[in-house]
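Residue-level structure breakdown
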Amino acid sequence: MPEHAHDTHDHLISLLDASSVDYRLIDHEPEGATEAVCALRGHPASEAAKCIVLRVKVDRRTTRHVLAVVPGDRRVDLDAVRALFTARYVGFSDPRTAERLARAVPGTVLPFSFDPDLELVADPDVVAQPKLYFNAARLDRSLLISGADYERLAKPRVERISASASESAAE
């Protein structure tokens, strides 16, 4: 496991403990794919937070990076993100940039941003979840927290950025 992943996991746990938030850690077989890890944890994909780092080209000189958090059974609506930022282009960040900004390897990205250059946007259906599951910056450990506690701690910008898995303007 990369060293920064261990640091990110510890940072998350420290934040949760300092905030007196109810949470549960769930150890499981190493897995990063949403559907597969939901099966290991024993819950529907709609209760999972799928976290994707996006590259948002606002104009020729301005690029922003956004951590999009959507329910696990949905996809990021790139057109909605483009409209949200009045951007010329929105696409998936390259793996190296995503790992650097999220401070986690693909499949373990948290729905939290600990980097000021990574703007956090969560779909309203994520923060509305009574139970929200996500990998805790590790492939072999997940976390369960309420959507309300997640919103209070992570302070995401809450905007409709998801589409059903069958819609074509998706991931």
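Please refer to the structure higher up on the page.
Figured I'd write up the structure that's included with this text. (Residues numbered from 1 in each chain as written. Predicted model: local features only at pLDDT ≥ 70, side-chain atom pairs only at ≥ 80, totals over all residues. Heavy atoms only, no water.)

**Describing the sheet that holds strand 2 (residues 49-57)**
Convention followed: Note: two strands are recorded as paired if DSSP finds a minimum of 2 bridges between them. Numbering goes from the N terminus for both helices and strands, where a helix is a DSSP run of H or I of at least four residues and a strand is a run of E of at least two.
The strand order across the open sheet formed by five strands is 5-2-3-6-9, and the pairing between neighbours is mixed. Two strands in the sheet have a free side with no partner beyond their single neighbour: strand 5 (89-92) and strand 9 (157-158). Judged from the nine bridges that link them, strand 2 and strand 3 (residues 63-71) form a sheet pairing that is antiparallel. Looking across to strand 3, one finds that Val-53 is bridged to Leu-67.

**Some remarks on the packing of aromatic side chains**
Put simply, the rule reads: Only Phe, Tyr and Trp rings take part, Trp by its six-membered ring, and two of them pair if their centres are within 6.5 Å. Stacked means planes under 30 degrees apart, edge-to-face means over 60, and tilted covers everything else. Only protein chains enter the accessibility calculation, which uses a 1.4 Å probe. A residue is then buried if its area is under 20% of the maximum for its type, exposed if over 50%, and partly exposed in between. A ring has a charge above it when a Lys NZ or an Arg CZ is no more than 6 Å from the ring centre and no more than 35 degrees off the ring normal.
Applying the stated criterion across every chain yields a total of three aromatic pairs. Between the aromatic rings of Phe-112 and Phe-134, the centroid separation amounts to 6.1 Å while the plane-to-plane angle is 55°, which identifies the pairing as tilted. Taken together, the residues Phe-112 in the loop between helix 4 (95-102) and strand 6 (118-122) and Phe-134 in strand 7 (residues 132-138) connect sequence positions 22 residues apart. Taking the centre distance of 5.4 Å and the plane angle of 85° together, the rings of Phe-112 and Tyr-150 count as edge-to-face. Pair noted here: Phe-112 is in the loop between helix 4 and strand 6 and Tyr-150 is in helix 6 (residues 147-154), with a separation of 38 residues, a long-range link. Across the pair, exposure class does not vary: Phe-112 and Tyr-150 are buried alike. Here the aromatic residues Phe-112, Phe-114, Phe-134 and Tyr-150 are joined through ring pairs into a cluster of three or more. One cation-aromatic arrangement involves Arg-157 over Phe-85; the distance from NZ or CZ to the ring centre is 5.3 Å.

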